[in-house]
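# A closer look at the structure
Read off the chains here:
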Amino acid sequence: MTNLALGTNEIEFWNGVAADRWVTHQAELDARIAVYGRAAIDALRPVAGERVLDVGCGCGDTVLTLAERVGAAGRVVGLDVSRRMLERARERARGATHVDLALEDAAVYRPSEPFDAICSRFGVMFFAKPVAAFANLRSTLRPGGRMAFVCWRAIAENPWAAVPLGAALSVVPPPPPAPEGAPGPFAFADEARVRAVLGEAGFADVTVTPFDAPMLLGETLEAALRYASEMGPAARLMSDLSPADSARVMAALEAALAPHGPRVALTGAVWVVSARRPD
Ligand SMILES: C[S@@+](CC[C@H](N)C(=O)[O-])C[C@H]1O[C@@H](n2cnc3c(N)ncnc32)[C@H](O)[C@@H]1O
């Protein structure tokens with residue numbers, strides 16, 4: 001990997017337990033969050049022949065959709081810091097000659113040619129220095145180039161995360177509070193912060209639009225429990241628990257999710273953010 005400016009913990013996380021789960025459950029996860037990615041791509045409106053950058057492309061789902069939209073005359077470059085997730089993306093994009101996948105930190109990545117557009121599905125909330133990272137992303141666009149991404153709103157507005165988290169917190173103590181806006185899935189929950197970061201990074205015409213859609217945790221209560229204990233904020237709390245505490249959290253999760261079942265789908269609430277590099 002070249003140009004790495006991420007914290008070691010973040011890289012370890014996206015190459016360790018997070019990669020295991022994203023790669024193992026790739027098809028299921030893609031189905032779960034496809035609707036939010038489509039919202040970002042619809043806001044971006046990529047057209048045939050464009051060069052598009054996908055930031056934090058993970059296992060490549062949105063890369064493939066973008067590649068269809070821009071066609072063989074266009075190009076899609078997917079960046080990620082997770083070697084294993086990129087490997088999966090490469091397997092899925094095999095044969096697509098207009099797709100490049102690169103192990104790079106988007107905060108400092110320099111393309112050989114500017115992009116017409118930047119897209120991201122939940123891949124831009126992990127920068128240690130978001131203003132500098134977005135200023136770098138702006139510099140990868142041609143003048144007038146566009147950006148659209150989706151990021152989670154507050155946990156309280158996201159029952160898919162809040163319900164399991166509340167259950168876990170009924171058993172285990174809360175973690176020490178993270179500083180406001182610390183890198184993580186909910187770092188851009190505050191609309192004012194999103195606008196401030198993008199404005200300071202030199203983007204213009206910033207729009208921040210709420211979008212809600214049900215997120216399927218599981219077709220059965222058992223599947224939803226497995227999901228909630230492996231991914232999301234409750235799962236992060238469970239990573240270092242004793243077997244006895246784990247069992248208590250699982251019981252609390254079951255009690256919290258059962259009333260929503262047997263097919264458990266809870267609202268996911270995102271911002272669809274779009275912006276433009278000034279001419
Ligand atoms: C929540 S996952 C989303 C993955 C993918 N966009 C999707 O929707 O399936 C966040 C992704 O961002 C990547 N990521 C985090 N920080 C990054 C950075 N600075 N540069 C490139 N990728 C990054 C992670 O490795 C991970 O794959």
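In this report, we go over the structure that sits alongside the text. (Residues numbered from 1 in each chain as written. Predicted model: local features only at pLDDT ≥ 70, side-chain atom pairs only at ≥ 80, totals over all residues. Heavy atoms only, no water.)

### Some thoughts on the packing of aromatic side chains
For the coordinates displayed, the defined rule picks out 13 aromatic pairs. Taken together, a centroid distance of 5.7 Å and an interplanar angle of 35° make the contact between Phe134 and Phe149 tilted. One end of the pair, Phe134, is in helix H6 (residues 130-139); the other, Phe149, is in strand E5 (residues 141-152), and 15 residues separate them in sequence. Of the two residues examined, Phe134 and Phe149, each falls in the buried class. Plain terms: the ring middles of Phe134 and Phe188 are 5.9 Å apart, the flat faces sit at 40° to each other, and that makes the pair tilted. One end of the pair, Phe134, is in helix H6; the other, Phe188, is in the loop between helix H7 (159-169) and helix H8 (191-200), and 54 residues separate them in sequence. The residues Phe134 and Phe188 share a single accessibility class, namely buried. Through a chain of ring-to-ring contacts, the aromatic side chains of Tyr36, Phe122, Trp152, Trp160, Phe186 and Phe211 assemble into a single cluster. Between Arg32 and the ring centre of Tyr227, over which it is positioned, the NZ or CZ distance is 3.8 Å. (Phe/Tyr/Trp six-rings, centres within 6.5 Å; stacked < 30°, edge-to-face > 60°. Helix = DSSP H or I, 4+ residues; strand = E, 2+ residues; numbered from the N terminus. Buried < 20%, exposed > 50% of the residue type's maximum accessible area, 1.4 Å probe, protein only. Lys NZ or Arg CZ within 6 Å of the ring centre and 35° of its normal.)

### What to know about the pattern of salt bridges
Overall, the coordinates contain 19 salt bridges when judged by the stated rule. Arg226 is the partner of Glu28 in a salt bridge, and the nearest nitrogen-oxygen pair spans 3.6 Å. In this pair, Glu28 is assigned in helix H3 (residues 26-44) and Arg226 in helix H9 (residues 221-230), connecting sequence segments 198 residues apart. You can call Glu28 partly exposed: its relative accessible area is 32%. Given a relative accessible area of 33%, Arg226 falls into the partly exposed group. Arg69 is the partner of Asp42 in a salt bridge, and the nearest nitrogen-oxygen pair spans 3.6 Å. Of this pair, Asp42 sits in helix H3 while Arg69 sits in helix H4 (residues 61-70); the two residues are 27 residues apart in sequence, bridging distant segments of the chain. Because the salt bridges share partners, they merge into one network encompassing Asp30, Asp61, Arg92 and Arg121. (Salt bridge = Lys/Arg side-chain N within 4 Å of Asp/Glu carboxyl O.)

### Some details on the environment of Leu169
The residue Leu169 is located in helix H7 in this model. Sequence separation between Leu169 and Ala234 is 65 residues; the distance between their C-alpha atoms is 8.1 Å. Apart from residues no more than four positions distant in its own chain, Leu169 is found in contact with Pro174 and Leu237. (Contact = heavy atoms within 4.5 Å.)

### Some thoughts on unusual backbone geometry
The linkage connecting Gly261 with the following residue, Pro262, adopts the cis geometry, with an omega of 5°. Within the secondary structure, Pro262 sits in the loop between helix H11 (243-257) and strand E7 (264-276). Even without being a glycine, Arg45 presents a positive backbone phi close to 50°. Mapped onto the secondary structure, Arg45 falls in the loop between H3 and strand E1 (51-55). Residue classification places Arg45 among the exposed positions, given a relative accessible area of 63%. Even without being glycine, Phe122 reaches a positive phi, approximately 60°. You can see Phe122 is positioned in the loop between strand E4 (115-121) and H6. A relative accessible area of 10% places Phe122 in the buried class.

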